[in-house]
Amino acid sequence: MGSYRLCVCFTRRFRINEAQPPRDVKEAFAKYSEAGSHMSAEQLFRFLIEYQKDGGVTIPDAERIVEQVLQRRHHITKFTRHTLTLDDFHHYLFSVELNPPIKSQVQQDMTFPLSHYFVYTGHNSYLTGNQLSSDCSDVPIIKALQRGVRVIELDIWPNSSKDNVHVLHGRTLTTPVELIKCLKSIKEHAFSASPYPVIITLEDHLTPELQAKVAQMLTQTFGEMLFYPKSECLEEFPSPEQLKYRIIISTKPPKEYLEAKSFPDDENISQKRKDPDEDIWGKEPSDLTTCQANDYKSDIEMGEHINDAEDTDEFDTKSCVIEPPGYKRLIAIHAGKPKGGLEEVLKVEVDKVRRLSLSEQALEKVTVSHGKEVVRFTQKNFLRIYPKGTRFNSSNFKPMIGWMHGAQMVAFNMQGYGRSLWLMHGMFRANGGCGYVRKPGFLMKAGPHSHVFDPKAKLPVKKTLKVRVYMGDGWHLDFKQTHFDLYSPPDFYAKVGISGVPADEKMKKTKIKEDDWTPLWDEEFVFPLTVPELALLRVEVHEYDMSEKDDFAGQTCLPISELRSGIRSVPLFDRRGEKFNSVRLLMRFDFD
């Protein structure tokens, strides 16, 4: 029972109702229990095979589920009854641990070259906050690795006395952290969430002497964990399976003679304009596109060179007459771009692979006229996309434009909380959260006359997803009674939608359930999908507020390619992407 004080004299009382099984759950129980009051393990097995479409499940699996449910609900280790009641059955379906929406194991073949996978990629991984004045630390690096991020970016600069190496965001007020501290933390936490390789991308602003010192740090810190090729350049990347528990270095190889930098770089551009992505929850991802281009016209028009900080050199050329021994040899993934126009930049070479970096605006500009060339380039080489320099608040951009063109490394500010980062979290929940998600086959195929996937082509509907939102529960356990409303229980509604190629993107909303901590919506939504392989299911719950902005009550994002059919328990996450202890939705997924 909850009490809400209206004034000095009056108090409203509300009962927090226990979550009751929706109609579909009752009907499924009646059908598979053969109209009985209890469901046996054999009957549960039939339900799992026929209704949930859980291929590969066995009767012993069903028996274990029955045992787990009875132990959880009745707290008796030796229970004489080995069947489920309707409430037990509902408890099982609504259990995130027993009935999740996607599997937690690696599902994909990990023996293809690295370039065949999307890779969970961080941007300026050492920053604790904004891009201008926050502290640099190894803490956000540790957090990223624990979440499954596989690409860590470090900007390395000489310290004030020019005798050691610091990590910091150059030409800003960010406070530095020592490189060796970051490297030791990477070594300690690299494989806490995934056994697959960690790639360290270095934005190098060092003299040859300090590059040699970095080479020594890398070899001493990582030892045999460090992977580097025997030849100067790889002709093809090894696979994630071959590179388990290995550390890979990627940066621009040093040159014997370096030309002075001729253009300002996108990543450290002067922060003179206010980033329009101010909303604390972020704009809808479909809005974060070229509609902002006019505000950043000068950023885009820095030249046809499509400049990247890693493709320029920052230090005094007079001292650059000797290549640092060992440093170049440690670089497994060579960054940089050829001189010339777009044709040269996106040229696929037979005898070597490389990494190209583009800003988010440069990618949008390039894909207008060379979209298919970008796809062809990413079939063999790495493409990294990073946020524009004016995102000084560490906000992020729409990642789908990179993924639909095959870009493996869509680099995100992991501290830039909002809807764009939720999409990133959702993509890399796939494949057991290991940080590598194999690209769809159509992005890797080349047909007659070298034809590749055209992201702009209009495609027919390939699959239809039906989503039913039954109910939600757990808020009364994770939130204070007056968190959403001082005077009454919350008025929840859910938003369900698709993030994917433009033709597939849409968002729908349930009705508002008033004064209920355990809302029952029982509404179905239908989503036709032209490219289901790249589509993500977005779910948000909000609390309606008549006078102010609606309150956030949870979110999740799930890869549609791995959604399990049937009735599932869907856990919700907070704005930072941390899972709530208890808040979850009961949903059903069906594919036509």
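In the block above lies the structure referred to throughout.
Caption draft 1: A look at the packing of aromatic side chains. Following the criterion strictly, the structure yields 20 aromatic pairs and no others. Here the aromatic rings of Y117 and Y436 are separated by 6.3 Å at their centres, their planes lie at 85°, and the arrangement is edge-to-face. You can see Y117 sitting in strand β3 (residues 117-122) and its partner Y436 sitting in strand β14 (residues 436-438), a full 319 residues away along the chain. Judged by relative accessible area, which is 0%, Y117 ranks as buried. Cluster of aromatic residues (ring-pair linked, three or more members): W475, F479, F484, F492, W517 and F580. Taking the ring centre of F112 as reference, the NZ or CZ of R438 above it sits at 3.7 Å. Lying over the aromatic face of F527, K508 brings its terminal NZ or CZ to 5.1 Å of the ring centre.

Caption draft 2: Structural detail: the packing of helix α2 (residues 41-50) against helix α3 (residues 59-74). At a minimum axis separation of 8 Å, α2 and α3 run at an interaxial angle of 110°. The angle between α2 and α3 places the two elements in the roughly perpendicular class. As for how α2 packs across α3, the hand of that crossing is right-handed. Counted together, A41, E42, L44, F45 and L48 of α2 and I59, A62, E63, I65 and V66 of α3 form the full contact between these two elements. Grouping the constituent residues of the contact of α2 with α3 by class yields eight nonpolar, no polar and two charged.

Caption draft 3: Main features of the environment of H451. Along the chain, H451 turns up in the loop between β14 and β15 (463-473). Residue H451 is classed as partly exposed on the basis of its relative accessible area of 46%. Discounting residues that sit within four places of it in the chain, H451 has contacts with K445 and A446.

Caption draft 4: Summary view of the environment of K337. Residue position: K337 is located in the loop between β10 (331-334) and α9 (342-345). Taking the relative accessible area as the measure of exposure, K337 reaches 27% and is therefore partly exposed. Separated by 85 residues in the primary sequence, K337 and K252 have C-alpha atoms spaced 9.2 Å apart.

Reading guide: rules and limits
Residues numbered from 1 in each chain as written. Predicted model: local features only at pLDDT ≥ 70, side-chain atom pairs only at ≥ 80, totals over all residues. Heavy atoms only, no water. Phe/Tyr/Trp six-rings, centres within 6.5 Å; stacked < 30°, edge-to-face > 60°. Helix = DSSP H or I, 4+ residues; strand = E, 2+ residues; numbered from the N terminus. Buried < 20%, exposed > 50% of the residue type's maximum accessible area, 1.4 Å probe, protein only. Lys NZ or Arg CZ within 6 Å of the ring centre and 35° of its normal. Axes fitted to C-alpha atoms, helices over the stretch in contact; angles between N-to-C directions. Parallel < 35°, antiparallel > 145°, perpendicular 65-115°, else oblique. Left-handed = near helix turned anticlockwise from the far one by under 90°. Contact = heavy atoms within 4.5 Å. Nonpolar A, V, L, I, M, F, W, Y, C, P; charged D, E, K, R; others polar.

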